[in-house]
Amino acid sequence: MKPDEWNTCVGEVDSTDCLGTDCACCKPGVCTPKPICQTNGGYCFDTTSGHVCSGTQYDDGCDGTATCSCCFPDPNVCIELDACGGDRGTCMKDSALATSCFGVPYPEHCLGNDCVCCQDCTPNTQCSDNGGFCYYSQSAYSCSGNIYQEGCSETTCHCCINDTSLCIELPACESASGTCMKPDEWNTCVGEVDSTDCLGTDCACCKPGVCTPKPICQTNGGYCFDTTSGHVCSGTQYDDGCDGTATCSCCFPDPNVCIELDACGGDRGTCVKDSALATSCFGVPYPEHCLGNDCVCCQDCTPNTQCSDNGGFCYYSQSAYSCSGNIYQEGCSETTCHCCINDTSLCIELPACESAGGTCMKPDEWNTCVGEVDSTDCLGTDCACCKPGVCTPKPICQTNGGYCFDTTSGHVCSGTQYDDGCDGTATCSCCFPDPNVCIELDACGGDRGTCVKDSALATSCFGVPYPEHCLGNDCVCCQDCTPNTQCSDNGGFCYYSQSAYSCSGNIYQEGCSETTCHCCINDTSLCIELPACENAGGTCMKPDEWNTCVGEVDSTDCLGTDCACCKPGVCTPKPICQTNGGYCFDTTNGHVCSGTQYDDGCDGTATCSCCFPDPNACVELDACGGDRGTCVKDSAIATSCFGVPNPEHCLGNDCVCCQDCTPNTQCSDNGGFCYYSQSTYSCSGTIYTQGCSEPECHCCINDTSLCVHLPECDGTGSCMKPADWSSCNGSIDSTKCLGDTCACCNPGDCIPAAGCTDNAGYCYDLSSSHVCNGNSHPALCNNTNCACCIAQPATCGTDSLCTAQKGSCYNELDSTYVCTGTTDATLCAGATCTCCIPTSGSSESSETESSETDDSETESSETDDSETESSETGASEIGDSGPGNSETDSSETGSSEKGSSGPGSSGPGSSGPGSSGPGPSGPGSSGPGSSGPGSSGPGPSGPRPSGPGSSGPRPSGPRSSETGSSGPRSSGPGSSGPGSSGPGSSGPVHNPGIPPYIPPRGKPAFLSEKYIQAPLNLF
């Protein structure tokens, strides 16, 4: 039966004796289910039977032997054992304990994954009367109310009372006749408060006892507690607020309320917050006379008459209060208090001023004081006492708004101090209040000058400044300068050279009578001759006229922007200087050439030099002028100059002499031109490095279709493109021609054989650097150092002789072709073409071969003769055994060098059907001594038989095999000679990667001999 029926099995379930997915055998026998197993969907099995219970296994669930066990299929179902059933508890998942079970869990009383027996806890009266319930204390349940640990009969259970507003007396409170109450009732407790004997949030027990509140505690909302009870005061604790033992203390719940002690109450002061001192308390603070956070007792200060008469009041000097008026430190009876007078416009005489008969006044009245001003004896902003006394103002002090003071009095002059402005003692001085006002002293007054600000020198004063003749910040006495005739005649004026004035014209330092003054001539277009120029008979001129100067140019002897003196003298310009806009100057006179300097451009002394003003202009020297070249910019070489650049033959920035390159005949005849090889010019055609007379020049031939003969190819060679290489009757060399893909055909070096030319190949020298873009075949050229390069083997045409044998012609150079039959090169035209004949021929072919067997027996007698003839005819060294021949017969029968024998061969010496007819008379070749290449003229064996495979008069020149007749090429079907593969041979199968090479019919004898002597791996 299937698993869903196993619970109906009264016997035992055995899963080893049934066939079928999850099938098991129900056997009535030893094991029978008990009620707990049967009623909960279980089944019995023998634990030794190999049956595996995939659910919950209960070894006491079946009657029978000790190996009988009950299996409950679903391991996640909870099953109650006897200890949990009925009113003893309920089995449930352990994860459900937090929500549905509040009892003690017993996992051993239930079966199933994560199943436990939940057995309820029992609340006592105190728990249940207050709406509480019990829960297992180690469960994940979290009581959101008050927890009463002794509220359940089980020690592992706790009572949870959700109503947190309740206060419940614990036994210790009840036994002391106390009452539990909330904090807002604690101040009504006449006894002491104990927070350890009640259940409920913030509940505490009020116990009548030793501690009772004093009036200060009771009237200010405090309560008493015993400091040893463990109760914590969260407000302000006052240890002298309760009667009782020394451990009794009063607690004021709000720590921020200020409570006045006896020392502060009544008219003795007021308790305020420390932060209120700046606004509400101006007295002396006493923190020890108050209770509460930051609370202090504020005790008032007492002002004296001078403070109160001027509207002042007293405040604690060390408080945070800031007086916004005038502070009078001696205005209060307490030394820790100051007097504050808010009206700052008042000037109050202090005793020192009153006793001196002085009067306090503001600064705007100080200049009216005939005596001396003293700022230390008055109260008030900027107030000072005017005392009649020793110091009196002189006229310069009085007329310019000054006042006198004694420099030893401590008064500070905030303006300009003038020690010679007052009469009196040596310590008397005049103070001009405004430091920025300029005051003229005697040395500057009248027509002697004017006092001005130093900053005004640039605009209003052009004279010499004398700061010592004026008073005031940055004030100077401006005394005018006097221009001389040369300055005034040219519209100039004089100014102090060290002032901030900046002349926007030309400066003439010697144009004023004062050495500290300079002459400024605003008209910069003027050129003014200085004495040195006039004395030399020179003329001042602008730069655009310097090239007209026949003498030398000197820029130090003229006044004017860019002016210089043209002096007739030692230096005179040479033609190259004059014709190119240059001028002469003496390199020792300080003149600076801003263009190109040419020291050989002027006649005169060794210090004469020519200056070409424009440094970017190119000037040709003699070595470059005329047909010797042209001066151009170095940047123009890539576009306008193709010659050799010589910078030493030109003057000017980046100027070079471009001297043309000369092309030779080979360059010019091919439309080429020469250019400097190191220039930035890029030839887009073919570059011929030997095409110019100058070694640093290259020839550029733009026509890339041309093939240009290099000297190595000139003479007998000819340059050609790849399309013509197959027509070359010599070797191809790609290093001797110039032009895209051009190569030189050297006649006579390597002669291509028919196998090379038939496949559109060409020969090249293996020792050259020429690269063959195809397959290389060394045996197809007449020199051991040569090879034939064939890009693609030619396709062989259809030949009737081959098709008569049910074969097809293929090119043996084609590495992709595999012949699965026998091959015969005599049946296809083409030097590298061979006939591939399938092995499964027609029945007619079989009959013919059978009859040919008899004939071969008759012909076997010719073997003896053929042995003799072999040596006479120079049989091939390959050892091919043609059709019907022995190993020594190849020359007599004219068998091909491939070594294959035609069909019908019957063993050694046979010349039966399938032979290639009489062979040539030469020694195994169609060379000299034969009747012509590939000839089938009369041979020793007589006329060619007409058996199958014979082509009659068709020539079959000697063909050699690459591997020899005894190699992988068979002697044809039926052959019993050495190297044959016997009747029914399927012929060689060519490796497509290494196709054999078979020389063409009619091939010159030297190729066969070369190939035999030095066989090469052609592929």
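What counts, and where the lines are drawn
- Residues numbered from 1 in each chain as written.
- Predicted model: local features only at pLDDT ≥ 70, side-chain atom pairs only at ≥ 80, totals over all residues.
- Heavy atoms only, no water.
- Helix = DSSP H or I, 4+ residues; strand = E, 2+ residues; numbered from the N terminus.
- Buried < 20%, exposed > 50% of the residue type's maximum accessible area, 1.4 Å probe, protein only.
- Pairing = 2+ DSSP bridges.
- Axes fitted to C-alpha atoms, helices over the stretch in contact; angles between N-to-C directions.
- Lys, Arg positive; Asp, Glu negative; His and termini not counted.
- Salt bridge = Lys/Arg side-chain N within 4 Å of Asp/Glu carboxyl O.
- Contact = heavy atoms within 4.5 Å.
- Disulfide = S-S within 2.5 Å.

Peptide bonds are mostly trans, and most non-glycine residues show a negative phi. At Asp562, a position not held by glycine, the phi torsion is positive, near 60°. Tracing the sequence through the fold places Asp562 in the loop between strand 55 (558-559) and strand 56 (564-567). You can call Asp562 exposed: its relative accessible area is 53%.

Attention now goes to the sheet that holds strand 72 (residues 730-733). Each strand in a sheet pairs with its neighbour through backbone hydrogen bonds, running either in the same direction (parallel) or in the opposite one (antiparallel). The strand order 71-74-72-75-77-76 describes an open sheet built from six strands, whose pairing is mixed. Looking at which strands have only one partner, the edges of the open sheet turn out to be strand 71 (718-720) and strand 76 (775-777). With strand direction ignored, the average angle separating the axes of adjacent strands in the sheet is 40°. In terms of strand pairing, strand 72 meets strand 75 (residues 762-765) through two bridges, oriented parallel.

Once that is clear, we can look at the side chain of Asp46. Mapping Asp46 onto the fold places it in strand 4 (residues 43-46). Buried charged residue Asp46 carries no salt bridge. Nearest counter-charge: Lys27, at 8.9 Å. Excluding residues that lie within four positions of it along the chain, Asp46 makes contacts with Glu12 and Thr67.

Taken as a whole and judged by the stated rule, the model has 13 salt bridges. Among the ionic pairs, Lys567 bridges to Asp557, the shortest N-O distance being 2.5 Å. Here Lys567, found in strand 56, pairs with Asp557, found in the loop between strand 54 (552-554) and strand 55; they are ten residues apart in sequence, far enough to count as distant. Per residue, the accessibility class of Lys567 equals that of Asp557, and both read buried. A salt bridge links Lys736 to Asp733, with the nearest nitrogen and oxygen atoms 3.7 Å apart. For Asp733, a relative accessible area of 10% translates into the label buried.

Further remarks concern the environment of Met720. Along the polypeptide, Met720 turns up in strand 71. For the pair Met720 and Gly739, spaced 19 residues apart in sequence, the C-alpha to C-alpha distance is 9.3 Å. Once you skip the residues sitting within four places of it in the chain, Met720 turns out to touch Cys707, Trp725, Ser727, Cys728, Ile732, Thr741, Cys742, Ala743 and Cys745.

Disulfides are covalent bonds that link the sulfur atoms of two cysteine residues. This model, assessed by the stated rule, comprises 69 disulfides. Each disulfide pairs two cysteine sulfurs, and for Cys224 the partner residue is Cys242, the sulfurs being separated by 1.9 Å. Between Cys224 and Cys242 the sulfur-sulfur dihedral comes to about -100°; the bridge is accordingly left-handed. Here Cys224 is found in strand 22 (residues 223-226), whereas its partner Cys242 is found in strand 24 (residues 242-243), with 18 residues between them in sequence. Among the residues examined, Cys224 registers a relative accessible area of 0% and is labelled buried. One disulfide bridge connects Cys494 with Cys512, the sulfur atoms lying 1.9 Å from each other. Between Cys494 and Cys512 the disulfide shows an S-S torsion of about -110°. By sign, it is left-handed. In this pair, Cys494 is assigned in strand 49 (residues 493-496) and Cys512 in the loop between strand 50 (506-508) and strand 51 (517-521), connecting sequence segments 18 residues apart. We classify Cys494 as buried; its relative accessible area is 7%. Take Cys512: its relative accessible area is 10%, and that puts it in the buried class.

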